[in-house]
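Architecture at a glance
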Amino acid sequence: MYFDYANVLVFLLAGMAFVVINLVLGALIRPTRRDRAGLEPYECGEDVIGSAWFRFDIRYYTVAMVYLVFAVEVAFLFPWARVLKEALRAEDIGGVALLEGLLFIAILLLGLAYVWVKGDLSWVRSFRRGTPRGHDKEV
Amino acid sequence: MGEVLAFWFFAALTIGCALLALLHRNVVNSAFALLGTLLGLAGFYVLLAADFLAMTQVLIYAGGILVLILFGLMLTPPVTNERRFGRILVAVAVVGLGAVAFWEKARGAVWHAAAREELAAPAGTVREIGLEFLRRDSWLLPFELASVVLLAGLVGAVYIARRRFPREDV
C-alpha cells in the first residue's frame, strides 16, 4: 500500500523543487543592487511605520474558525466521496448514500448561510453603535 | 528497509521541529516550526497504515489548527525575546509525565514492527470508513449528527468572536 504514497511523494518533491529552483534561478539572474529603497517591504509604495506584528482584527480569527469547521467537514466527506460511485452502482444503498451526503452538506450550508447573513464574511463593515447586527451598511 | 528509513526521517522531522518550536525566541517562528512536527506525525500515521488519520492530520492540524494558532498570535500583543527557560521546564515536565504514564505500555511494547504482516495487508482505511458511513445500522446516524455538532460549533464560535471589544486601533 505504500506504493500509493509514491504520488504524494512526487507531488511533495515537485512542489519543493519548484520553490527551490525558482529561488536559485532568481538569485542567478537578478541584478544585485543593494540600496535602501530596494530592501523595503513595499519597494515603490508606502513607507513602513512600526512593526508588522500588531494586534489584528478579530475578524481574521472568525474567518479562520469558519475555515476550520469546513475543513472538518471535508475530512468527514472524504471517505463518503471515496465510496459514493461504488454505492451508486450498488443500487440498494445508492439513494441513501447520495441523500446522506447531501443532507450533511445542507446542514453545514446552514452554518455558512448564518455567518453570511450575519455579516461575518463581509470584510468592510461599519462599527457604528445602534445599527442592528448584520444590517450594517457597507461602506 | 524503506519503512525504516521513512520512520527515521519522520522521527527526525517531528522531534527536530518540535525542538525548534520550543527553543525559538520568536513565537511566530515556533508556530511555523510546529508545521513540521504535525506533518511528521502525519507521516507516522501513513507508516502505521492509518491513511484516513494521516489525511485528517494534514487537513485539520497542519491546515486548520495551525492557521488558528497563527491568527491567535496575530490577535495577541507581540511577544519577542521571551525567556525560554520556562518553556523548556514545561516541556520537560510534560514529556516526563507522558513517559511515566506510558511506561508500563512502553516496556511491554514490541518495538520491532512484529505486526508488519498485519500492517502490510490493508489497502487503506478510507474505503472501509466510507462504507461504514453508508450503513444504516452502523455509522450513518453519527455521521449526520457530526454535521449538526459542527454547525453548533460554527455558530457558537462565531457568536462568541463577534462580541465587540473596545477597539484600540483603526
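Cut-offs applied
- Each chain carries its own residue numbering, running from 1 in the direction its sequence is written.
- To label them, take the chains in the order written and letter them from A, then take the ligands in the order written and number them from 1.
- Selection of residues for local features in this predicted model requires a pLDDT of at least 70, selection of side-chain atom pairs for listing and counting requires 80 or more, and totals for whole chains, interfaces and linings are taken over all residues.
- To get the side-chain values, take all heavy atoms of the structure and skip hydrogens and water.
- A run of DSSP states H or I qualifies as a helix once it reaches four residues; a run of E qualifies as a strand once it reaches two. Both are numbered from the N-terminal end.
- Buried, partly exposed and exposed residues are distinguished by accessible area as a fraction of the type maximum, computed with a 1.4 Å probe on protein chains only: under 20%, between the cut-offs, and over 50%, respectively.
- Every residue pair with non-hydrogen atoms within 4.5 Å of one another is taken to be in contact.
- Each accessible area value is a Shrake-Rupley result obtained with a 1.4 Å probe; residue values ignore everything except the protein chains displayed when judging cover.
- Where each domain starts and ends follows an automatic or database-derived domain assignment.
- Simply put, the buried area is the total loss of 1.4 Å probe accessible area from both parts when two parts are fitted together.
- For salt bridges, the criterion is a side-chain nitrogen of Lys or Arg within 4 Å of an Asp or Glu carboxyl oxygen.
- Under the grouping applied here, Gly and all other residues not named as nonpolar or charged are polar, the nonpolar ones being Ala, Val, Leu, Ile, Met, Phe, Trp, Tyr, Cys and Pro and the charged ones Asp, Glu, Lys and Arg.
- Think of a patch as exposed residues, more than 30% relative accessible area, with no salt bridge, where like charges cluster within 9 Å and nonpolar side chains (Val, Leu, Ile, Met, Phe, Trp, Tyr) cluster within 5 Å.
- A pair of aromatic rings is counted whenever rings of Phe, Tyr or Trp (Trp by its six-membered ring) have centres within 6.5 Å, and the orientation is called stacked for planes under 30 degrees apart, edge-to-face for over 60 and tilted otherwise.
- Orientation is described by axes fitted as lines to C-alpha atoms, over the contacting stretch for helices, and by angles from 0 to 180 degrees between their N-to-C directions.
- Angular relationships are summarised with four words: roughly parallel below 35 degrees, roughly antiparallel beyond 145, roughly perpendicular across 65 to 115, and oblique for the angles in between.
- Crossing chirality is assigned from the near helix's rotation relative to the far helix, an anticlockwise turn below a right angle marking it left-handed and a clockwise turn marking it right-handed.

Topic: the overall build of chain A
- When its secondary structure is counted, chain A shows 3 helices and 0 strands.
- Listed by position from the N terminus, the elements making up chain A come as α-α-α.
- Here chain A, with 139 residues, has 25% of them falling under the buried criterion.
- Residue pairs in contact within chain A that sit at least 24 positions apart in sequence constitute 35% of those at least 6 positions apart.

Observations concerning the overall build of chain B
- Summing up its helical and strand segments, chain B has 8 helices and 0 strands in all.
- Tracing chain B from N to C terminus, the helices and strands come up as α-α-α-α-α-α-α-α.
- Of all 170 residues assigned to chain B, the portion counted as buried reaches 31%.
- For chain B, the share of sequence-separated contacts (at least 6 apart) that also reach a separation of at least 24 residues comes to 63%.
- When the accessible surface of chain B is totalled, it reaches about 10800 Å², and 74% of it is carbon and sulfur.

Observations concerning the domain arrangement of chain B
All names here are of chain B.
- We note that the domain assignment places domain 1 (2-111 + 123-133) and domain 2 (134-165) within chain B.
- A C-alpha centroid distance of 25 Å is found between domain 1 and domain 2.
- Facing 4 residues of domain 1, the contacting portion of domain 2 comprises 6 residues.
- For the domain 1 and domain 2 pair, buried surface summed over both sides reaches about 500 Å², with 50% attributable to carbon and sulfur atoms.
- When the buried area of domain 1 at its contact with domain 2 is split by residue, Leu131, Glu132 and Phe133 rank highest and sum to 95% of it.
- Residue Arg135 pairs with Glu132 through a salt bridge whose shortest N-O separation is 3.0 Å.
- Tallied by class, residues from the side of domain 1 that touches domain 2 come to 2 nonpolar, 1 polar and 1 charged.

Overview of a nonpolar patch on the surface
- On the surface, Phe18, Val19, Val20, Leu23, Val24, Leu25, Leu28 and Ile29 of chain A cluster together to form a nonpolar patch covering roughly 850 Å² of accessible area.
- If you trace the backbone, Leu25 of chain A turns up in helix 1 (residues 6-29).

With respect to the interface of chain B and chain A
- Listed by partner, the interface residues are 59 residues for chain B and 52 residues for chain A.
- Buried surface at the junction of chain B and chain A, both sides included, amounts to about 5300 Å², of which 74% is carbon and sulfur.
- Interface area lost by chain B to chain A is led by Leu75, Leu134 and Arg162 of chain B, which between them contribute 14%.
- Put simply, chain B and chain A have 1 salt bridge between them.

Points about the side chain of Ser30 of chain B
All names here are of chain B.
- Topologically, Ser30 is positioned in helix 2 (residues 27-47).
- Judged by relative accessible area, Ser30 falls into the buried class, the value being 8%.
- Not counting residues within four places of it along the chain, the set of residues in contact with Ser30 comprises Leu20, Ala21, His24 and Arg87.

Side note on the packing of aromatic side chains
All names here are of chain B.
- All chains considered together, the criterion is met by 10 aromatic pairs over all chains.
- Ring centres of Phe7 and Phe44 lie 5.4 Å apart, and the angle between their planes is 55°; on these two criteria the pair is classed as tilted. With a gap of 37 residues between them, Phe7 in helix 1 (residues 2-23) and Phe44 in helix 2 connect regions that are remote in the sequence.
- An aromatic cluster of three or more residues is present, and its members are Phe7, Trp8, Phe9, Phe10 and Phe44.

Thoughts on the domain arrangement of chain A
- As assigned here, chain A comprises domain 1 (2-39) and domain 2 (58-127).
- Its C-alpha centre places domain 1 of chain A at a distance of 34 Å from the equivalent point of domain 2 of chain A.

Notes on the environment of Tyr60 of chain A
- Tracing the sequence through the fold places Tyr60 of chain A in helix 2 (residues 58-90).
- For the pair formed by Tyr60 of chain A and Ala97 of chain A, sequence separation is 37 residues and the distance between their alpha carbons is 36 Å.
- Those residues in contact with Tyr60 of chain A that lie beyond four places of it in its chain are Trp123 of chain A together with Phe71 and Met74 of chain B.

As for the packing of helix 1 of chain B against helix 2 of chain B
All names here are of chain B.
- Two numbers describe how helix 1 lies on helix 2: the axes approach to 8 Å, and their chain directions differ by 155°. Here helix 1 is positioned roughly antiparallel relative to helix 2, judged by the angle of their axes. Crossing handedness for the pair helix 1 and helix 2: left-handed. On helix 2, the residues that touch Glu3, Ala6, Phe7, Phe10, Ala11, Leu13, Thr14, Cys17, Ala18, Leu20 and Ala21 of helix 1 are Ser30, Ala33, Leu34, Gly36, Thr37, Gly40, Leu41, Gly43, Phe44 and Leu47.
- A class-by-class count of the residues in the contact of helix 1 with helix 2 yields 14 nonpolar, 6 polar and 1 charged.

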